[in-house]
Each structure stands twice: as structure tokens, then as C-alpha cells.
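Descriptive analysis of the structure
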Amino acid sequence: MTTLPTASAMTAVLVTTTTTFAAHQADFNNDNVIDAHDLVVLTSNLSQPCEGDCPSDLNQDGVTDSADIMILMNSWGAVSEEDSNSQNDEAQQSSWQNEAPVLLDAVYYDQYTELFSHGGYDRWNTAKEYNQGEHTQAWCEENSVEVLPMVYGAVDWDHDNVLTDEDKEGFVTWLEATVPADYEGAICLDLEGQWWGTFDSSNQFVVDTVIDFFIANLEYAQELRPNAKIGFWGFPKKSHTNPNSTTASVQRLVDACTALFPDVYENNPGVNDSFRLNRHVETCLEWSNGEKPVYVHASPRYKLNSDGYRYFHDREEFINDQVQPAVDASWTDAEGNEHKIAGIALWDAYTYIRMYTEGFSQLSGEERKELWNELDLMHVDYLSDMKAVVDVAAEAFNQAQAEAEAQAEQAANEAAQESKQVAAAAISEERTAQQSRLTRRLEDANTSVITRSSSYREASRSYRSARKSFSKAKKRFRAMKKKYGKSSKQYRKALAAHRNALKRMRAKASTFRTARSTFRAVRVEQNNAQNAIASSASNWTAMANAATMLTN
Ligand SMILES: [Ca+2]
Ligand SMILES: [Ca+2]
Ligand SMILES: [Ca+2]
Ligand SMILES: [Ca+2]
């Protein structure tokens with residue numbers, strides 16, 4: 001951290017002219033303190049003329065300059081809550097981009113069918129009664145592993161490939177019961193049916209028809225949960241991201257989704273599928289352009305030929321082929337930012353027990369529970385292995401994040417330090433400029449006073465001498481008048497001399513009066529210049545102190 005002058009020290013030396021308005025206006029980064037980090041914003045706009053929105057022009061005089069720095073300096077320190085225009089709530093809003101990858105529980109428990117149009121009473125009620133999946137759910141609770149809300153059939157509630165108002169009613173009932181209105185997490189729509197195969201068509205028109213239906217589902221869900229991250233299970237498909245893919249473009253649907261949920265399921269026991277599944281997830285990251293979270297579905301269940309999803313990968317293959325490649329997947333954008341998955345979910349369904357156990361419907365609740373427990377404990381094992389992989393990735397993510405934050409903080413502190421130098425220089429420069437401007441003005445006034453006072457004295461002398469000459473001429477004229485009479489030559493000569501002296505005296509008097517008023521004017525300017533310097537002195541002291549504090 002940089003060492004910054006304390007608020008109290010600053011307040012003590014600065015002339016406080018700042019209003020609370022200016023105080024919170026100067027908190028540019030809305031962290032309730034005015035410091036060098038705000039100075040960075042101001043100094044980056046220094047000497048810039050402002051047009052329109054220009055927050056750094058604190059005194060709103062159309063330019064960002066040292067006067068604005070002084071306003072900021074005068075409000076240095078904490079901003080009280082009531083003055084604050086802080087938008088911290090927004091800034092602190094969680095962003096998936098800054099969060100480590102998470103493990104999610106996407107297991108399809110039969111209890112969920114209580115709200116679905118498919119399933120039926122026996123399926124959900126027995127599951128509820130015998131607490132299906134209790135070990136996995138307890139493990140998830142203990143390890144803070146959240147449930148990924150999945151809705152089978154998406155908004156098309158009766159799975160008949162047509163969206164009706166009735167479908168929407170069913171969907172809303174499920175949504176209200178499952179996902180809070182302000183939910184910001186992931187919601188996975190599982191929409192397969194007849195569309196799933198059609199999605200592989202190389203005919204853009206055909207694929208666009210599929211996309212239109214998916215988007216109709218998506219937009220309805222997005223409208224109801226605008227903050228949630230919503231997409232479709234298994235989309236984009238592996239057939240879409242395959243480098244040899246001949247499928248038509250699905251980018252329009254990628255762009256419409258606010259999250260992607262590709263799956264890394266595989267049906268090749270004993271064969272290493274990590275490379276192609278890693279590539280699949282990396283392509284999804286690339287297609288999302290780092291703008292939407294990618295959640296991967298992994299499942300240990302697989303099928304061979306056409307006898308259904310009866311089998312399970314061993315724990316090692318499940319991790320090696322699906323989980324690790326998904327967690328390792330990485331895509332780097334043009335700015336050099338690396339993008340990874342936001343989470344990975346375990347998917348499996350208890351309905352397979354119902355499907356693949358002969359005479360299931362005749363089994364008692366206890367007998368069903370026994371079969372469920374076996375699967376339940378397997379899920380705990382798979383999840384524990386997944387957690388180990390996710391934990392390592394999360395730790396690496398958090399460490400990189402901490403390093404990036406430390407770097408950003410260092411850069412911000414360096415910028416803050418630099419901005420203090422820039423601000424100090426700007427204040428000092430402005431103070432020097434003001435001082436030399438006023439000093440020059442005083443010097444000019446002093447020179448004028450000297451010049452004008454000598455011409456004033458000169459005019460005064462001339463006037464006095466003309467006055468003396470006049471009174472002499474007047475005396476002589478009177479004497480001549482008395483001695484020789486009005487018609488005499490002497491009288492007329494003295495009269496002419498008297499008139500000339502009077503004229504001359506009047507001219508000198510006029511010059512004298514002009515010189516006197518000019519002199520008085522320059523004396524006033526000299527006083528004004530002195531006063532201007534005196535009244536600026538405290539501002540200059542404040543500016544000098546501010547500059548000193550910024551450079552110390
Ligand atoms: Ca601030
Ligand atoms: Ca300004
Ligand atoms: Ca329907
Ligand atoms: Ca495999």
C-alpha cells in the first residue's frame with residue numbers, strides 16, 4: 001500500500017472550500033474514500049476540455065485542471081455514508097468469471113418427478129417416503145455442493161414438441177417451487193426428444209427450425225428468471241464441435257443461451273477418450289467467447305450396443321476420460337485471457353433402476369431402497385473423486401486470481417503514486433503561474449506610478465510657473481492701463497501679454513489635471529495589484545502544502 005497523507009493532516013492545512021456535493025463527486029471509484037486512486041482518474045483527464053459528461057471537472061468550468069485537484073484534495077479522506085453516491089452493491093455483485101470452478105449435483109432423483117408431468121405417484125412418492133439418494137444429498141450438503149436445477153422437457157411440459165399455454169403453466173409451477181425469482185445461478189433445460197437427432201442435420205434450414213423451438217423455450221425461461229444462466233443439457237453436442245462435423249451452424253442458439261451445458265458422457269470403456277472430450281469442452285469455451293459460463297455434465301453411466309445405459313465406468317476411467325479433461329479445458333481469447341469451465345455436474349438417474357430391474361413394480365419399498373442405496377453410495381464415491389479434481393483446480397484458480405489481484409493492486413498503487421506526482425506538479429505549476437502573473441502586474445503598476453508621478457510633478461511645476469507668469473502679466477496690464485490709458489500702445493501691448501499668459505495658464509492647468517488623474521489611476525492599480533497578491537497568499541499556501549503532501 002502507498003502511504004497517503006491522513007485526512008486530519010490534510011484538513012488542517014487546507015482551506016476548506018469543499019461542499020459535500022464535491023466531496024462525494026470526487027469519489028470516482030465509489031469506495032467511500034477520496035484518495036490517490038481517485039486522483040488517478042482526475043490526473044488522467046488533466047488539461048482536457050470537458051464536453052458533456054465529465055465527472056473529473058469538479059467545479060464544472062469546462063476543463064479539468066489544478067482547481068479540480070484542489071477540490072479533490074480538500075475532500076481527501078473518508079466520505080460519510082449519507083454523502084456517498086456509492087454503487088458498491090453493483091460492484092460487489094458476484095460474477096461467475098471471478099469464481100473458481102464448482103462441483104454440482106445434477107442427479108435425477110425420482111422425488112423431482114412430483115412436479116413433472118411424467119413419472120407418476122408411485123415413482124415420486126416411494127422415493128420420497130424412503131428418502132432416495134439420502135447419502136449423496138447429505139454428502140453434498142456437507143461439502144457445499146449445490147443442486148443444479150434441471151428441467152426435463154424444458155418448457156414443453158408434456159414433451160409433445162409444441163409449446164402451449166398449458167405447458168407454460170406447468171413450467172411456471174416447477175420454476176416457482178424450485179428456483180427463487182432473483183436466482184443468479186445456472187438452470188439447465190433438458191430438451192431432447194425428436195429434436196436431438198435433427199440437430200445433427202447439415203441442412204441449415206432444418207437446424208434453424210430446431211433452433212427456433214429451443215429459443216422459444218429458452219426465452220420463456222429467461223423472461224421468468226432474468227438473472228439466471230440458462231442453456232440446454234448436452235448443447236453444443238459433440239457432433240457439433242467435432243472438427244470433422246458436417247452439421248449446420250448452431251451459433252445462433254449458442255448466442256441466445258446464457259450458459260452452456262455440454263456433456264462429456266462416453267460409451268468406450270477401456271478406451272481413453274480424454275483428448276476428444278477435452279477438445280469438445282474447449283470448443284464450447286471458445287464458442288461461448290468467454291461471455292457465458294460453461295457447466296459440464298459428466299456421467300459414469302454408459303451403454304453398449306442397444307441394451308441401454310446399464311453399465312458404469314470404473315472410478316478411474318470416469319475421472320481420467322471425463323472429469324479431468326473438462327476441468328483442464330482452457331481457451332485463451334484474443335486479449336490473452338484464459339477461460340475455463342464454471343462448474344462440473346454429476347448426472348445420473350434413478351429411473352434406470354426402475355427400467356433395468358425385472359419386476360421392479362412388485363418390489364416393496366424396502367427392497368427398492370436397498371437397490372437405491374447401492375447407487376447412492378456409488379454416487380458419493382464418484383462425487384468424492386470429482387471433488388478432489390475440482391478442489392485442485394479451484395485452488396489453482398484462486399491462487400491465480402489472488403496473484404492477478406495483487407498485480408492489479410500494485411499497478412493501481414503505482415498509478416496512484418504517479419498521479420500524486422502529476423497532481424503536485426500541476427498544482428505547483430498553477431501556483432507559480434498565478435504568482436508570476438500577479439507579480440508582473442504589480443511591477444507594471446509600480447513602473448507606471450514612477451513614470452506618472454514624474455510627469456505629474458512636471459505638469460504641476462509648469463502650471464505653477466504659468467500661474468506666476470499670468471499674475472505678473474495681469475499686474476503689468478493694470479499698471480499700463482492706469483498710466484497710459486486704453487488707447488495707448490503700451491496698454492494694448494500689456495493687454496495682449498495678459499491674454500497670452502491667461503491662455504497659457506489655462507492650457508497648463510488642463511495638462512496638470514490630466515496628469516493628476518492619470519497618476520491617481522495608476523496608484524489605484526498599484527493598490528489593486530498589491531491586494532490581489534495579499535488575497536491569493538492563503539490559496540498559494542494551501543496549494544504549496546497540498547503539493548508538498550502529495551510528493552512526500
Ligand atoms: Ca475513492
Ligand atoms: Ca474544472
Ligand atoms: Ca407441449
Ligand atoms: Ca473411455
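Residues numbered from 1 in each chain as written. Chains lettered and ligands numbered in written order. Predicted model: local features only at pLDDT ≥ 70, side-chain atom pairs only at ≥ 80, totals over all residues.

Here we look at the overall build of the protein
Quick note on the threshold: Here a helix means four or more residues in a row that DSSP labels H or I, a strand means two or more in a row labelled E, and each is numbered from the N terminus. Computation of the radius of gyration draws on C-alpha atoms, with the globule rule given as 2.2 Å multiplied by the number of residues to the power 0.38. Three exposure classes are used, based on other C-beta atoms lying within 10 Å of a residue's own C-beta, which is placed from the backbone: buried for 20 or more, exposed for 12 or fewer, and partly exposed in between. Whether two residues are in contact is decided by their C-beta atoms, placed from the backbone, lying within 7 Å.
Along the backbone of the protein there are 17 helices and 13 strands. Here the C-alpha atoms of the protein give a radius of gyration of 45 Å, more than 25% beyond the 24 Å that 2.2 N^0.38 yields for 552 residues. In terms of overall dimensions, the protein has a C-alpha envelope of 165 × 50 × 45 Å along the principal axes. For the protein, with 552 residues in total, the buried portion stands at 34%. Sequence-distant contacts in the protein: of pairs separated by 6 or more residues, those separated by 24 or more amount to 77%.

Quick word on the sheet that holds strand β13 (residues 343-346)
Let me state the cut-off plainly: When DSSP locates at least two bridges between a pair of strands, those strands are taken to pair. Angles shown run from 0 to 180 degrees and are taken between the N-to-C directions of axes, each axis being a line fitted to C-alpha atoms and, for helices, limited to the stretch in contact.
If you walk across this open sheet you meet the four strands as β4-β3-β13-β8, and the pairing is parallel. Sheet topology places β4 (146-147) and β8 (295-298) at the edges, where each strand pairs with a single neighbour. Note that β8 and β13 share four bridges and pair parallel. Following the sheet pairing, Ala298 is matched in β13 by Leu346. Of the strands in this sheet, β8 and β13 touch helix α14 (residues 315-328), which is tilted by about 170° from β8. Each of β3 (102-105) and β13 touches helix α16 (residues 365-484); the most contacted strand, β13, lies at about 170° to it.

Here we look at unusual backbone geometry
In this structure, the amide linkage connecting Phe235 to the following residue, Pro236, adopts the cis form with an omega of -5°. By secondary structure assignment, the location of Pro236 is in the loop between β7 (229-232) and α11 (238-241). A positive phi angle is found at Asn32, which is not glycine, with a value near 65°. As for its placement among the helices and strands, Asn32 is situated in the loop between α2 (20-25) and β1 (33-34).

Let's talk about the nonpolar core
Condition: Think of a nonpolar core as buried Ala, Val, Leu, Ile, Met, Phe, Trp, Tyr and Cys residues chained together by C-beta atoms that fall within 7 Å.
Ranked by internal contacts, the top residues of the largest apolar core, which has 76 residues, are Leu189, Val281, Tyr295, Ala326, Ile341 and Ile344. Leave out the neighbours within four places in its chain, and Tyr295 touches Leu104, Leu148, Ala186, Ala259, Phe261, Ile341, Ala342, Gly343 and Ala345. Counting 23 residues, the second largest nonpolar core, distinct from the first, contains Ile34, Leu42, Ile427 and Met543.

A look at the environment of Leu375
Residue placement: Leu375 occurs in helix α16. Along the backbone, Leu375 and Lys468 are 93 residues apart, and their C-alpha atoms lie at a distance of 133 Å. Sequence-distant contacts of Leu375, defined by excluding residues within four places in its chain, comprise Tyr350 and Ile353.

With respect to the packing of helix α7 (residues 134-142) against α16
Using the following cut-off: If an angle is under 35 degrees, it is roughly parallel; if it is over 145, roughly antiparallel; if it lies from 65 to 115, roughly perpendicular; otherwise it is oblique.
Interhelical geometry of α7 versus α16 gives an angle of 30° and a closest axis separation of 7 Å. With respect to each other, α7 and α16 are oriented roughly parallel. The segment α7 lies against α16, with Glu134, His135, Thr136 and Trp139 engaging Asp376, Leu377, His379, Val380 and Leu383.

Describing the pairing of strand β6 (residues 186-190)
Looking along a regular strand, one sees side chains alternate from face to face of the sheet. Going by this rule: Call a crossover right-handed when, viewed with both strands pointing away from you, the route from the first strand across the helix to the second goes clockwise.
With four of five residues buried, β6 is to be regarded as a mostly interior element. Two elements, strand β5 (residues 150-152) and β6, share three bridges in a ladder whose sense is parallel. The partner of Tyr152 across the bridge, within β6, is Asp190. Since β5 and β6 lie parallel, the crossover through helix α8 (residues 165-178) that links them has a hand, and here it is right-handed. Where β6 and β7 come together, four bridges link them in parallel fashion. Counterpart to Cys188 in the pairing with β7 is Gly231.

Some points on the packing of helix α13 (residues 274-288) against α14
Which entries qualify depends on this criterion: When the near helix sits turned anticlockwise from the far one by under a right angle, the crossing is termed left-handed; a clockwise turn instead gives a right-handed crossing. Under the scheme applied, nonpolar residues are Ala, Val, Leu, Ile, Met, Phe, Trp, Tyr, Cys and Pro; charged residues are Asp, Glu, Lys and Arg; polar residues are all the others, including Gly.
Interaxial distance between α13 and α14 falls to 8 Å at its minimum, and their mutual angle equals 35°. As for how α13 packs across α14, the hand of that crossing is right-handed. Residues Ser274, Leu277, Asn278 and Val281 of α13 touch α14, and the partners they reach there are Asn320, Asp321, Gln322, Gln324, Pro325, Ala326 and Asp328. A per-class count over the contact of α13 with α14 returns four nonpolar, five polar and two charged.

Re the sheet that holds β5
Within the open sheet, the three strands sit side by side as β5-β6-β7. Their pairing is parallel. Each edge of the open sheet is held by one strand with a lone partner, namely β5 and β7. For this sheet, the mean inter-axis angle between neighbouring strands, taken without regard to orientation, is 20°.

Overview of the domain arrangement of the protein
Here is the rule we go by: Domain limits in this description derive from either an automatic procedure or a database domain assignment.
By domain assignment, the protein separates into domain 1 (7-92), domain 2 (96-362) and domain 3 (437-551). Relative to domain 2, the C-alpha centre of domain 1 lies at a distance of 49 Å.

Quick look at the environment of Tyr456
Looking at the secondary structure, you find Tyr456 in helix α16. Classification of Tyr456 by C-beta neighbours within 10 Å gives buried; the count is 20. Separated by 111 residues in the primary sequence, Tyr456 and Ala345 place their C-alpha atoms 99 Å from one another. Residues within four places of Tyr456 in sequence aside, it is in contact with Ala515, Arg516 and Phe519.

Observations regarding the environment of Glu338
Inspection of the secondary structure assignment puts Glu338 in strand β12 (residues 338-339). Residue Glu338 is classed as exposed on the basis of its C-beta count, with 12 C-beta atoms lying within 10 Å. On a C-alpha basis, the gap between Glu338 and Leu285 in space is 9.9 Å, while along the polypeptide they are 53 residues apart. Beyond its immediate stretch of four places on either side in the chain, Glu338 contacts Ser330 and Thr332.

A look at the confidence of the model for the protein
Selection criterion: The score called pLDDT rates the predictor's confidence residue by residue, from a low of 0 to a high of 100.
Of all residues in the protein, 93% attain a pLDDT of 70 or more, and the chain-wide mean is 91. Residue range residues 1-18 is modelled with pLDDT below 50. Its contacts to residues more than four positions away, or to other chains, number 34 contacts.

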